[in-house]
Number of protein chains: 2
Amino acid sequence: MSEKPRSATTKDRLVAAAFELFEERGFDATTAEDIARRAGVGRTTFFRAFGSKDDVIFPEHEELLGRIDQRLAAATPATRALALSEATRVVLRHYLDEGELARARYRLVGSVPALRARETGGIQQYQRLFARWLREWMSDLSDGQLRADLLAADLVTAHNFVLRRWLRDQTSDPESEFDQAMRVALERYQPSGLEPSSAVVVLRTSATPAAIQAQLQPLLDDEAP
Amino acid sequence: MSEKPRSATTKDRLVAAAFELFEERGFDATTAEDIARRAGVGRTTFFRAFGSKDDVIFPEHEELLGRIDQRLAAATPATRALALSEATRVVLRHYLDEGELARARYRLVGSVPALRARETGGIQQYQRLFARWLREWMSDLSDGQLRADLLAADLVTAHNFVLRRWLRDQTSDPESEFDQAMRVALERYQPSGLEPSSAVVVLRTSATPAAIQAQLQPLLDDEAP
DNA sequence: CCCGTTGTTGGTACGGAGTACCTTATAGAC
DNA sequence: GTCTATAAGGTACTCCGTACCAACAACGGG
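These lines cover the structure that appears in this document, whether it is placed above or below. (Residues numbered from 1 in each chain as written. Chains lettered and ligands numbered in written order. Predicted model: local features only at pLDDT ≥ 70, side-chain atom pairs only at ≥ 80, totals over all residues.)

### A look at the interface of chain A and chain B
Point 1. Across the boundary between the two partners, chain A contributes 27 residues, which contact 27 residues of chain B.
Point 2. Counting residues per element, the ones that place at least two in the side of chain A that touches chain B are helix 7 (113-137), helix 8 (144-167), helix 9 (174-185) and helix 10 (209-223) of chain A.
Point 3. Looking at the side of chain A that touches chain B, the element that brings in the most residues is helix 8 of chain A, giving nine residues.
Point 4. Of the residues in the side of chain A that touches chain B, the class split is 14 nonpolar, seven polar and six charged. (Contact = placed C-beta atoms within 7 Å. Helix = DSSP H or I, 4+ residues; strand = E, 2+ residues; numbered from the N terminus. Nonpolar A, V, L, I, M, F, W, Y, C, P; charged D, E, K, R; others polar.)

Structural data, given as structure tokens:
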């Protein structure tokens, strides 16, 4: 049932062969038989391993979906905001670990329209997975279903924003940028009951404004460090 | 150069034939030749008109993109929020006007994975178009590029949320729900300078809390009617 | 009236994706 | 050893999408 190192090697060889050939002569000019031949297997084996020529570009997609789902399932009501951030970070880390391979995929997908469609389809699956959990978590809010969809879209978009910057070599610290992006995206997350509007508090006190400000500052720092 | 009624008729006949056959025997079981034959034209003509079997499902996609772009291009800085809402509404109205055809497409796309990928690809194009304009409009904000992407995602998501409800016959007043959805989505739109965080105001006054509340109430009513 | 020109259509042929089916080989299980 | 199960290769087929060519208007100018 679990991963056999033997079968993983065959898949890996196919992936490596595919990326080599795509870089050499382009995606359309590479046939499934070319890939299979370079990997030293038959054409049938290629289609058994991947099902389609596109799938060889995004081999661990299913596994990533599973890990996100697990992370979200493990959240308690108090840790949901953190779980959302970390589940999203799982994907970012995966690409960062891939390194040059991720960048090769990015160049490839950017130049082949057919692959772009495939990629956005995959992104949509992430978004739907987040939305499924969030609709449950936010079901008691007013406009909860809508806000769940919006937050799911924001999480995925914020992730892609940072990932794209890293893929283009426009950032040296993607993790910090990701933290900031998650903070902005999670502005939409209001754990049930906490209304999104501002509160006006009127009180009588002898304290000076400066003293009150000093009392409040730690709370603000805690909320947005 | 402009639309000839003759050529439009051929395209329309092909679209009608395609939807008929897809409903009769399903998407995969229908060949391009079947569609062409029922429309009374040759297979070559079909591919000349649509380029691919998928394209026949989303015939006016390009035109819609153009209309959104025009609407956004016509906005002035003061009317941008309205322009965003109306540009999005262009798409909603288009589907509402299609009526049963839109629902047939929805059923079809929902049951054929390959078409789902195509549709999300189209949605992504809308989102990128909005993002292109918003990045320009929000370039002077802190995190403007990120917030532009997020708002673009929110607009598209909010639209899809209402559209899907209408397609499933879960709403009798999609326009009102759309207005509400746009209000929620546009919470992210902060015309440059207006900071999104809450303000804490400390003041000394002899007024009673009730009097102050009475003063503030109209402002809150105005902000969220 | 004929004749090029141009644009639209149908037909044919081809390469390649993806599927179905069959055969082969390798590895355990007994 | 033999039997069985599982992974692999091979072959044939359908259909998508493209390239190319032939037929056939429409049309204006000679």
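### Focus: the packing of helix 5 (residues 80-98) of chain B against helix 9 (residues 174-185) of chain B
All names here are of chain B.
Point 1. Interaxial distance between helix 5 and helix 9 falls to 11 Å at its minimum, and their mutual angle equals 155°. Judged by the inter-axis angle, helix 5 sits roughly antiparallel to helix 9. Relative to helix 9, helix 5 is oriented so that their crossing is right-handed. The residues of helix 9 that touch helix 5, namely those facing Ser 85, Thr 88, Arg 89, Leu 92 and Leu 96, are Pro 174, Phe 178 and Met 182.
Point 2. Taken together, the residues of the contact of helix 5 with helix 9 sort by class into five nonpolar, two polar and one charged. (Axes fitted to C-alpha atoms, helices over the stretch in contact; angles between N-to-C directions. Parallel < 35°, antiparallel > 145°, perpendicular 65-115°, else oblique. Left-handed = near helix turned anticlockwise from the far one by under 90°.)

### Some points on the protein's contact with DNA strand C
Point 1. Taken together, 15 residues are adjacent to DNA strand C, and Thr 31, Ser 52 and Lys 53 of chain A together with Gly 42 and Thr 45 of chain B come closest.
Point 2. Every element with two or more residues in the surface near DNA strand C is listed here: helix 2 (32-39) and helix 3 (43-50) of chain A together with helix 1 (5-25) and helix 3 (43-50) of chain B.
Point 3. Among the elements that line the surface near DNA strand C, the one with the most residues is helix 3 of chain B, at three residues.
Point 4. Across the surface near DNA strand C, the residue classes break down as three nonpolar, nine polar and three charged. (Near = placed C-beta within 6 Å.)

### Topic: the packing of helix 4 (residues 61-73) of chain A against helix 5 (residues 80-98) of chain A
All names here are of chain A.
Point 1. One way to put it is that helix 4 packs onto helix 5 with a least axis distance of 9 Å and a crossing angle of 160°. Relative to helix 5, helix 4 is oriented roughly antiparallel. Crossing of helix 4 over helix 5 shows right-handed handedness. Across the interface between the two elements, Leu 64, Arg 67, Ile 68, Arg 71 and Leu 72 from helix 4 touch Ala 83, Glu 86, Ala 87, Val 90, Val 91 and His 94 from helix 5.
Point 2. Residues that form the contact of helix 4 with helix 5 fall into these classes: seven nonpolar, one polar and three charged.

### Section: the protein's contact with DNA strand D
Point 1. In the vicinity of DNA strand D there are 15 residues, among which Val 41, Gly 42 and Thr 45 of chain A together with Ser 52 and Lys 53 of chain B approach most closely.
Point 2. At the level of elements, helix 1 (5-25) and helix 3 of chain A together with helix 2 (32-39) and helix 3 of chain B are the ones that each hand at least two residues to the surface near DNA strand D.
Point 3. Looking at the surface near DNA strand D, the element that brings in the most residues is helix 3 of chain A, giving three residues.

### Let's talk about the relation of the copies chain A and chain B
Point 1. With an RMSD of 1.1 Å, the operation that places chain A on chain B is a rotation of 179° combined with a shift of 0.4 Å along the axis. Taken together, the rotation and translation describe the operation of a two-fold axis.
Point 2. The residues that chain A uses at the interface reappear at the interface of chain B in 96% of cases, marking a shared surface. (Least-squares fit on C-alpha atoms with pLDDT ≥ 70 in both.)

### Topic: the environment of Ala 211 of chain B
Point 1. With respect to the secondary-structure elements, Ala 211 of chain B resides in helix 10 (residues 209-223).
Point 2. A sequence separation of 172 residues divides Ala 211 of chain B from Ala 39 of chain B, and the C-alpha atoms of the two residues are 74 Å apart.

### Quick look at the nonpolar core
Point 1. Judged by nonpolar contacts, the single largest core of 61 residues is most densely connected at Leu 134, Ala 152 and Ala 158 of chain A together with Leu 134, Ala 152 and Ala 158 of chain B.
Point 2. Excluding anything up to four places from it in sequence, Ala 152 of chain A contacts Gln 127, Phe 130, Ala 131 and Leu 134 of chain A. (Core = buried A, V, L, I, M, F, W, Y, C linked by C-beta atoms within 7 Å. Buried ≥ 20, exposed ≤ 12 C-beta atoms within 10 Å, placed from the backbone.)

### Looking at the environment of Ser 85 of chain A
Residue and element names in this part refer to chain A.
Point 1. One can find Ser 85 in helix 5.
Point 2. The spacing of Ser 85 and Ala 181 is 96 residues in sequence and 9.7 Å in space, taken between C-alpha atoms.
Point 3. With near-sequence residues (within four places) excluded, Ser 85 lies in contact with Met 182 and Leu 186.

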